[in-house]
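# Close look at the chain arrangement
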Amino acid sequence: MCVPRFALAMVLAFALGCGNKPEPPQNNPAAKPDSYTIKLRDPEAGDKLEVTQSQSTTSEFYIVMTKATQKKTIATRAQFTETILEKPADATQATKLTRHYQVAEVSESAGKPEVALRAVLGTWAVAQATWPTDFQGKTVIISKKAPGARPRYSYKTEDGKDVRLFDTVLFEHEGHFRIQEVLPTSAVKVGEPWTVEPLGAFKLFANLGIANPDPAASSVTGQLLKVYERDGQEWGDIRITLKAKDSEGDGTGQIDVEAPIDGSSLARTQRLTFSATLPKWDGSTKLSITETRKPLK
């Protein structure tokens, strides 16, 4: 998607029936630049955010016991207030933070073949259900452990109980992925595509569980779709498009980001969609994640 370029305003004075020369162009300080250096702000110690997250994973696989294709969806929903307590200046992740979860729930929807299978096995056989986690309504303290420790972080409620968060895997992944790693390293024009650097592409694939993508059949590209003003800040819509292929199958996806591109705020909405076919397992999977962050004073 492209938006029109803005030229400097030219004011021409014409008097009907006379030959006055046009006035020279006048500079317009509000004219938009031709290209943009995209900068997304990272959280810092002392920052406080209101965060909403939703995630849905739908999988379809052939089940031999029922001789049918099974479709199942697992979804999570969370709303929490996050406070960054400690983050070294040279770190990409906070080393200590708290989250107070107003909402933290899981839902599952299983197709008829799996319900039948569960009935045979004597396990839970409800086709659809939603239930709260053991940390809903509680504050979770997330602290980084000593180098080399596994897991890398501890996740405890204020009463000392260990919990597993929906996005624990993001904290634990050594190659912690940040959206900044797929952004262009130089200024770009609206509508101008860029190819993501290999390290950024590798981290993105790794966080999606694609360990060994085929370089010839895998790629990550980006594009600045539009730039606009919101709340006195320069916002932009960014799209990251990815294609991946490995020994398990192949997939496509995209990440859409709406955020201030001048680094002025932590406000952001980010959406990831990814789908893959898995011939080796006679199945497929679809993933959708949406996160909105709003800074609190």
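Rules and cut-offs
Residues numbered from 1 in each chain as written. Predicted model: local features only at pLDDT ≥ 70, side-chain atom pairs only at ≥ 80, totals over all residues. Heavy atoms only, no water. Patch = residues over 30% accessible without salt bridge, like charges linked within 9 Å, V, L, I, M, F, W, Y side chains within 5 Å. Areas by Shrake-Rupley, 256 points an atom, 1.4 Å probe, with all protein chains shown as cover. Salt bridge = Lys/Arg side-chain N within 4 Å of Asp/Glu carboxyl O. Lys, Arg positive; Asp, Glu negative; His and termini not counted. Charge placed at Lys NZ, Arg CZ, Asp CG, Glu CD. Helix = DSSP H or I, 4+ residues; strand = E, 2+ residues; numbered from the N terminus. Buried < 20%, exposed > 50% of the residue type's maximum accessible area, 1.4 Å probe, protein only. Phe/Tyr/Trp six-rings, centres within 6.5 Å; stacked < 30°, edge-to-face > 60°. Lys NZ or Arg CZ within 6 Å of the ring centre and 35° of its normal. Contact = heavy atoms within 4.5 Å. Core = buried A, V, L, I, M, F, W, Y, C linked by side-chain atoms within 4.5 Å. Polar contact = N/O pair within 3.5 Å; in protein donor to acceptor, adjacent residues only side chain to side chain. pLDDT = per-residue confidence, 0-100.

This paragraph deals with a negative patch on the surface. On the surface, Glu229, Asp231, Glu234 and Asp262 cluster together to form a negatively charged patch. With respect to the element layout, Asp231 can be found in the loop between strand S8 (219-230) and strand S9 (233-246).

Throughout the structure, instances matching the rule amount to 17 salt bridges. A salt bridge links Arg41 to Asp47, with the shortest nitrogen-to-oxygen separation between them at 3.2 Å. When the shortest N-O distance is used, the salt bridge between Arg239 and Asp256 registers 2.6 Å. On the criterion of sequence distance, the pair formed by Arg239 in strand S9 and Asp256 in strand S10 (residues 249-260) is long-range, its members being 17 residues apart. In this structure Arg239 comes out as partly exposed when scored by relative accessible area, which is 30%.

Now for the packing of aromatic side chains. Throughout the structure, instances matching the rule amount to 6 aromatic pairs. Ring geometry for Phe80 against Tyr101: centres 4.9 Å apart, planes inclined by 45 degrees, an arrangement best described as tilted. One end of the pair, Phe80, is in strand S2 (residues 68-86); the other, Tyr101, is in strand S3 (residues 96-110), with 21 residues separating them in the sequence. A single burial state applies to Phe80 and to Tyr101, both of which are buried. Seen in terms of ring centroids, Tyr153 and Tyr155 are 6.5 Å apart; in terms of plane orientation they differ by 35 degrees. Their pairing is tilted. This pair shows no difference in class: Tyr153 is buried, exactly as Tyr155 is. An aromatic cluster of at least three residues, connected via ring pairs, comprises Phe80, Tyr101, Phe135 and Phe166. Sitting above the plane of the Tyr228 ring, Lys226 keeps its charged end 5.2 Å from the centroid. Over the ring of Trp235 we find Arg230, and its NZ or CZ is 4.1 Å from the ring centre.

A word on the environment of Ser143. Looking at the element boundaries, Ser143 is found in strand S5 (residues 139-144). Given a relative accessible area of 19%, Ser143 falls into the buried group. Separated by 13 residues in sequence, Ser143 and Lys156 have C-alpha atoms that sit 8.7 Å apart. In this structure, Ser143 is in contact with Thr95, Lys96, Arg152, Tyr153 and Ser154, ignoring residues within four places of it in sequence.

What follows is about the nonpolar core. Ile38, Leu224 and Ile238 are the most contacted members of the largest nonpolar core, which totals 32 residues. Breaking this core down by element, the ones donating at least two residues are helix H3 (198-207), S8, S9, S10 and strand S11 (268-278). Judged by nonpolar contacts, the second largest core, of 18 residues, contains Val51, Ala78, Ala104 and Tyr155.

Quick look at the side chain of Lys87 now. Inspection of the secondary structure puts Lys87 in the loop between S2 and S3. Engagement of the side chain of Lys87 in a polar contact is seen with the backbone oxygen of Pro43, the distance being 2.7 Å. Aside from chain neighbours lying at most four places away, what touches Lys87 is Asp42, Pro43, Glu44, Ala45, Thr92, Gln93, Ala94 and Thr95.

Attention now moves to the confidence of the model for the chain. Across the chain, the average pLDDT comes to 84, with 82% of residues at 70 or higher. With pLDDT under 50 throughout, residues 1-25 is counted as low confidence; its partners more than four residues away or in other chains account for 27 contacts. This model gives residues 113-125 a pLDDT under 50, and the stretch forms 24 contacts once residues within four places in sequence are excluded.

Take Leu266: it is sitting in the loop between S10 and S11. Spatially, the C-alpha atom of Leu266 lies 8.2 Å from that of Leu49, the residues being 217 residues apart in sequence. Apart from residues lying up to four places away in sequence, Leu266 is in contact with Arg41, Asp42, Pro43, Asp47, Leu49, Arg293 and Pro295.

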